[in-house]
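Chain by chain, the residues:
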Amino acid sequence: MRKTFRLATILVLMLSLLVAGCSSSNSKKSSSEPESLEGKTVKVLLSAGGVGQFNAWKARSKAFTEETGIKIEFIETPYENLLEDITSDGIAQGGAYDLVVYLDSMGSSITQFLEPLDEYVKRDNFNLDRWPEASLNLSTFDDKLYSLPVRAHVQMLFYRKDIFDQLGLAVPKTWEEFETVSKTISEKTDLYGAVPYYGAGNNGQNLFMWSSYLWSNGGEILDDEFKPVFNSPEGIEATKRYLDLLVTDKVAPPASVTFGEQDSRTFFKQGKAAMWLGWWWVYSEFNDKEASAEDVAGNVGFASVPAWEGKSSQAIVSTFPLAMMKGSKNKEAAWEVLKWIAEPEEELDIVLKTLKEESPTTEMSTVLTQTENLRNAEVNELTNGFYSVAADNFENARTFPKIKEWPRVSDIISKAISKMATGEPVEQELDKAAKQVEKLLEESGYYQ
């Protein structure tokens, strides 16, 4: 009896150990399996304003959820509140947002709240070469990738095709040709040749066109040690040439001394100038009969930013990238959403459907950002080669310095440009501005 009891006891113990072992084995196996993302909700913070691209993400998110099981909740905030909302959630590490869009100039101030994407990119063999170097540069800080440039804008030159045809003019490829054409138009028509914008403030808008002159002439804003060098001989020469449109050549309207980018854009839309240099998305606005004068709409062409003679064209690029918050509680799901938004086929399909449903000059707030898509034959056939020219500008584009102090630096230079446009000596004002910038950056610890 005792033997039977002992045998039964041993069998029970062995069975218990076996069950425990199986349970442990199953536990280890499940812990090594990837976490299921089905049912996860990814919260995406967007800037409000009815941007076509953002609306397309919303409309297509249902199909993404059906395919992956990941839900997407889009949250909109006014642009002026965007930085504050990101910062507040970043400080709290609260996970209110998983993904956020932001203006590139905010990047250096918020990287501390963003999740570096390098490990995700490496793990999934995610191709970053799909984007132009300048666009990707605005998502990178201290050699770490913090966002994907899924929305980007580049400068282009816009001109009145009817005026050029009437006078038998060729579209300018150099600044010298730009100046010559501007003079001809100003002399032979009642239009100004070009309408730049020299007004101070407006987040440094008068630096956009100035920087194209500066960089194309081989000048820089800051050197590798963050010392201001825009007052170099190249910088002085470029600045004088930019100002001469107003001061010496008189091909720009006198009011442009106070114009911001929007003011000059309106001036062009009213049919008072023949050329305008600025962001590519304005093309649709220029050719919109409801937005522009009758003789302007349908008569606006596009071209690359002019180049300094014997040197390359240098446009400027601006991005509105999408980043993952460090405090996100759903990072794997957020990465899947980020990859989906960045899919080349998804981006291209959004634009193709928009172009086929509307006219080729429809609102271009739905943009292409990836080189292969910009060069796509079908999309360029529908837009008379618009995106291919844009691709040329993206390839030659530069970016403003990615430092926290840039808004204050740009404000100093912006005020200097405005003063020079009203007659102050160029060299004197550039030197004064350079000293102010150097003092600011020294106090910020750049030269220690």
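Basis of the calculations
Residues numbered from 1 in each chain as written. Predicted model: local features only at pLDDT ≥ 70, side-chain atom pairs only at ≥ 80, totals over all residues. Heavy atoms only, no water. Helix = DSSP H or I, 4+ residues; strand = E, 2+ residues; numbered from the N terminus. Buried < 20%, exposed > 50% of the residue type's maximum accessible area, 1.4 Å probe, protein only. Contact = heavy atoms within 4.5 Å. Areas by Shrake-Rupley, 256 points an atom, 1.4 Å probe, with all protein chains shown as cover. Salt bridge = Lys/Arg side-chain N within 4 Å of Asp/Glu carboxyl O. Expected span 1.5 Å × (residues − 1). Pairing = 2+ DSSP bridges. 1 Å grid on protein atoms, 1.4 Å probe; cavity = no way out; pocket = protein on both sides within 12 Å on 5 of 7 lines; lining within 4 Å. Points joined across faces, edges and corners; volume = space filled by probe spheres on them. Axes fitted to C-alpha atoms, helices over the stretch in contact; angles between N-to-C directions. Parallel < 35°, antiparallel > 145°, perpendicular 65-115°, else oblique. Left-handed = near helix turned anticlockwise from the far one by under 90°. Nonpolar A, V, L, I, M, F, W, Y, C, P; charged D, E, K, R; others polar. pLDDT = per-residue confidence, 0-100. Patch = residues over 30% accessible without salt bridge, like charges linked within 9 Å, V, L, I, M, F, W, Y side chains within 5 Å. Lys, Arg positive; Asp, Glu negative; His and termini not counted. Charge placed at Lys NZ, Arg CZ, Asp CG, Glu CD. Polar contact = N/O pair within 3.5 Å; in protein donor to acceptor, adjacent residues only side chain to side chain.

A. Just the overall build of the chain, in detail. When helices and strands are counted, the chain shows 19 helices and 11 strands. Counting all 448 residues of the chain, 53% fall into the buried class. Long-range pairs, those at least 24 residues apart, make up 75% of the contacts in the chain with a sequence separation of at least 6. Surface exposure of the chain reaches about 21100 Å², of which carbon and sulfur atoms provide 49%.

B. Spatial organisation of the pattern of salt bridges. One pass over the structure, following the stated rule, counts 26 salt bridges. A salt bridge links D124 to R123, with the shortest nitrogen-to-oxygen separation between them at 2.9 Å. Residue R160 is joined to D162 by a salt bridge in which the shortest nitrogen-to-oxygen separation is 2.9 Å. One salt-bridge network, held together by shared partners, links R123, D124, E332, E336 and K339.

C. Geometry of unusual backbone geometry. Even without being a glycine, D142 presents a positive backbone phi close to 50 degrees. Mapped onto the elements of the fold, D142 is located in the loop between β4 (140–141) and β5 (144–145). Classification of D142 as exposed rests on a relative accessible area of 75%. Here F226, not a glycine, exhibits a phi torsion of approximately 65 degrees, which is positive. Mapped onto the fold, F226 is located in the loop between α9 (207–216) and α10 (233–244). A relative accessible area of 32% places F226 in the partly exposed class.

D. Structural detail: helix α8 (residues 175–188). Taking 1.5 Å per residue, 14 residues should reach 20 Å; α8 reaches 20 Å between its end C-alpha atoms and fits that length. Within α8 the residues assigned to the buried category are W175, F178, E179, V181, S182, T184 and I185. Contact partners of the buried residues in α8: β7 (152–160), α7 (161–167), α9, α10 and β8 (275–279).

E. Examining the pairing of strand β1 (residues 41–47) more closely. Burial analysis of β1 places 5 of its 7 residues in the buried class, which makes it a mostly covered element. Where β1 meets strand β3 (residues 99–101), 2 bridges bridge the pair, whose relative direction is parallel. The residue bridging V44 from the neighbouring strand is L99, located in β3.

F. Examining empty space enclosed by the protein more closely. Taken as a whole and judged by the stated rule, the model has 2 cavities of 30 Å³ or more. One number sums up the size of the largest cavity: a volume of about 70 Å³. Looking at the lining of the largest cavity, the elements that each hand over two or more residues are α2 (52–68) and α14 (344–357).

G. The sheet that holds strand β6 (residues 147–148), seen in detail. Judged by pairing direction, the sheet is mixed, and its 5 strands sit side by side in the order β2-β1-β3-β11-β6 without closing on themselves. Of all the strands in the sheet, just β2 (71–77) and β6 have a single pairing partner and so form its edges. On top of the sheet, helix α3 (residues 79–92) reaches β1, β2 and β3; it is set at about 135 degrees to β1, its chief contact. Docked against the sheet, helix α13 (residues 331–341) engages β1, β2, β3, β6 and β11 (322–324), running at close to 165 degrees with respect to β11.

H. Molecular detail of the packing of α2 against α14. Axis separation between α2 and α14 bottoms out at 11 Å; the angle between their running directions is 110 degrees. Accordingly, the angle class assigned to the pair α2 and α14 is roughly perpendicular. The crossing of α2 and α14 is right-handed. Each of A56, W57 and R60 in α2 lies in contact with α14, whose residues at this interface are E346, D349, I350 and K353. In the contact of α2 with α14, the residues fall into 3 nonpolar, no polar and 4 charged.

I. Examining the confidence of the model for the chain more closely. Overall, the prediction assigns the chain a mean pLDDT of 89, with 90% of residues at 70 or greater. Residue range residues 1–33 is modelled with pLDDT below 50. Its contacts to residues more than four positions away, or to other chains, number 0 contacts.

J. Structural detail: a negative patch on the surface. A contiguous patch of negative charge, built from E67, E343, E345 and E372, is present on the exposed surface. Among the secondary structure elements, E343 is positioned in the loop between α13 and α14. The partly exposed category is assigned to E343, whose relative accessible area is 32%.

K. Spotlight on the layout of surface pockets. Approximately 1500 Å³ is the volume found for the largest pocket. For the lining of the largest pocket, the secondary structure elements donating two or more residues are α3, α4 (107–110), β7, α9, α11 (261–269), β10 (317–319) and α18 (406–421). A breakdown of the residues in the lining of the largest pocket according to their chemical character gives 22 nonpolar, 19 polar and 9 charged. A volume near 620 Å³ is recorded for the second largest pocket. As for the second largest pocket, its lining consists of 23 residues, of which F226, F400, P401, K402 and I403 are closest to the centre. Partitioned by chemical class, the residues of the lining of the second largest pocket number 9 nonpolar, 5 polar and 9 charged.

L. Just the side chain of S47, in detail. Tracing the chain through its elements places S47 in strand β1. On the accessibility criterion, S47 (7% relative accessible area) is buried. Excluding residues that lie within four positions of it along the chain, S47 makes contacts with F54, T77, Y79, L82, V101 and F320.

M. Up close: the side chain of Q314. Within the secondary structure, Q314 is located in the loop between β9 (300–303) and β10. Owing to a relative accessible area of 12%, Q314 belongs among the buried residues under this scheme. For Q314, the side chain forms a polar contact with the main-chain oxygen of N396, separated by 3.1 Å. Not counting residues within four places of it along the chain, the set of residues in contact with Q314 comprises S212, W215, S216, V305, N396 and R398.

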